[in-house]
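Understanding the architecture of this molecule
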Amino acid sequence: MAPETTALRLSGRDVLSLLHRTTSNALSDLVAGQARATLFCDFRGRLLHRAVVAVAPDGAVWLLRADAPGAELAAAVDRMIFRDDVHIEDRSAEVAVRLARHDAAYGSTVTGGASAEFRATADGLALPVRVGAGDGMALLTSPGDTLPEAVRIAALHPRHDHEITEQFNPFEVGLAHEVHLAKGCFTGQEALQRLITYDSVRRRPVHAQLGAAGVQVPCEVRTAGERAGVLTSVSGRDGIAVLRLDALAKAAPFVLEDGTTLEVVSAPELTRPLGRS
């Protein structure tokens, strides 16, 4: 049975430069013990993958995520390699990754920061233990309970195949802070730059409460008989919905396809892309 989480070990002199020029975030300045989340987009700026990049003391670079298997991401990285000195090892079968709150993972005195802790194995390999990407969450490879889905939803933390999908661009699901628009070209950069330049982002994520439990996602959200967006994640009666800004502005009642009501609980202020004043 294939592992459900991703732990890719990348080695070679060109790893960070390859990821820097092909994914959304600035990564070339990372050093051992640092971590940063980045996004893999298509040419339209639509989301394909999200992973946390962590640099180990032995110089290897790990790509980690807790919400999807590693094979597809490994293949995506492999397609980017031309003459680069980059070697990919899929260690997902032996390094299970789970999501946790950053403060719970690192202790109550530590919040937020982007850092990576490793332990050395008997053969000298540096394995990731705790990795924070600066978004309030941490990735752990030690045994334990993963973060409850309801907590992830309340935090509007995106999940692969739910909010991280070709249906959305990073700005529509609250991931602008993982896009650096001044670092140079990357796949999808031109499309994302245009969205900001022309103020063309038309959707945003919200924390929603449903009128009933048991709703299956994705599910269309409607208001006044028109399509307003889509419900992308659900746990009980809590959910994440990505809704049109104009529909939110009307403050009209929202309903799902089956008539279940949807109420917006919160819509926190969105972050801005990096490299923009």
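Every value quoted in this text rests on a predicted model; they were computed, and no experiment measured them. (Residues numbered from 1 in each chain as written. Predicted model: local features only at pLDDT ≥ 70, side-chain atom pairs only at ≥ 80, totals over all residues. Heavy atoms only, no water.)

Position of E172 relative to the elements: it lies in the loop between α4 (149–154) and α5 (189–197). Setting aside anything within four residues of it in sequence, one finds E172 in contact with Q167, V201, R203, R204, P205 and V242. (Helix = DSSP H or I, 4+ residues; strand = E, 2+ residues; numbered from the N terminus. Contact = heavy atoms within 4.5 Å.)

Of all hydrophobic cores here, the largest spans 22 residues; its most connected members are V52, W62, L64, F118 and V131. When contributions to this core are tallied by element, the ones reaching two or more residues are β2 (35–41), β3 (47–55), β4 (61–65), β7 (114–120), β8 (126–133) and β9 (137–140). If you tally residues by element for this core, the top one is β8, at 4 residues. Apart from the residues lying within four places of it in its own chain, the contact partners of V52 are A35, R36, A37, W62, L63, L64, V131, A133 and L139. (Core = buried A, V, L, I, M, F, W, Y, C linked by side-chain atoms within 4.5 Å. Buried < 20%, exposed > 50% of the residue type's maximum accessible area, 1.4 Å probe, protein only.)

With that settled, the discussion passes to the pattern of salt bridges. One pass over the full model with this rule turns up 19 salt bridges. Residues E149 and R159 are paired through a salt bridge, measuring 3.1 Å at the closest nitrogen-oxygen approach. A residue pair is termed long-range when its members are at least 10 positions apart, and E149 in helix α4 and R159 in the loop between α4 and α5 qualify at 10 residues. Given a relative accessible area of 23%, E149 falls into the partly exposed group. Taking the relative accessible area as the measure of exposure, R159 reaches 30% and is therefore partly exposed. Among the charged side chains, a network of salt bridges with common partners joins R9, D58, E89, R91 and E94. (Salt bridge = Lys/Arg side-chain N within 4 Å of Asp/Glu carboxyl O.)

Our focus in this paragraph is the environment of L18. For L18, the location among the structural elements is in helix α1 (residues 15–22). Remark: the alpha-carbon pair of L18 and Y198, spanning 180 residues in sequence, is separated by 29 Å. When residues no more than four places from it in sequence are discounted, the contact partners of L18 are V77, M80, I81, D84 and V86.

On to the sheet that holds β9. One open sheet accounts for 4 strands, arranged β6-β9-β8-β7; its pairing is antiparallel. For this open sheet the edge positions go to β6 (98–101) and β7, each flanked by a neighbour on one side alone. Across this sheet, the average inter-strand angle for adjacent strands is 20 degrees, counted without regard to direction. Alignment of β8 against β9, held across 3 bridges, turns out to be antiparallel. What sits directly across from R130, in β9, is L140. (Pairing = 2+ DSSP bridges. Axes fitted to C-alpha atoms, helices over the stretch in contact; angles between N-to-C directions.)

Looking at the element boundaries, N169 is found in the loop between α4 and α5. Within the structure, the side chain of N169 is placed 2.9 Å from the backbone nitrogen of F171, a separation counted as a polar contact. Those residues within four positions of N169 in sequence are excluded, and the remaining contacts are G45, R46, L47, L192 and L195. (Polar contact = N/O pair within 3.5 Å; in protein donor to acceptor, adjacent residues only side chain to side chain.)

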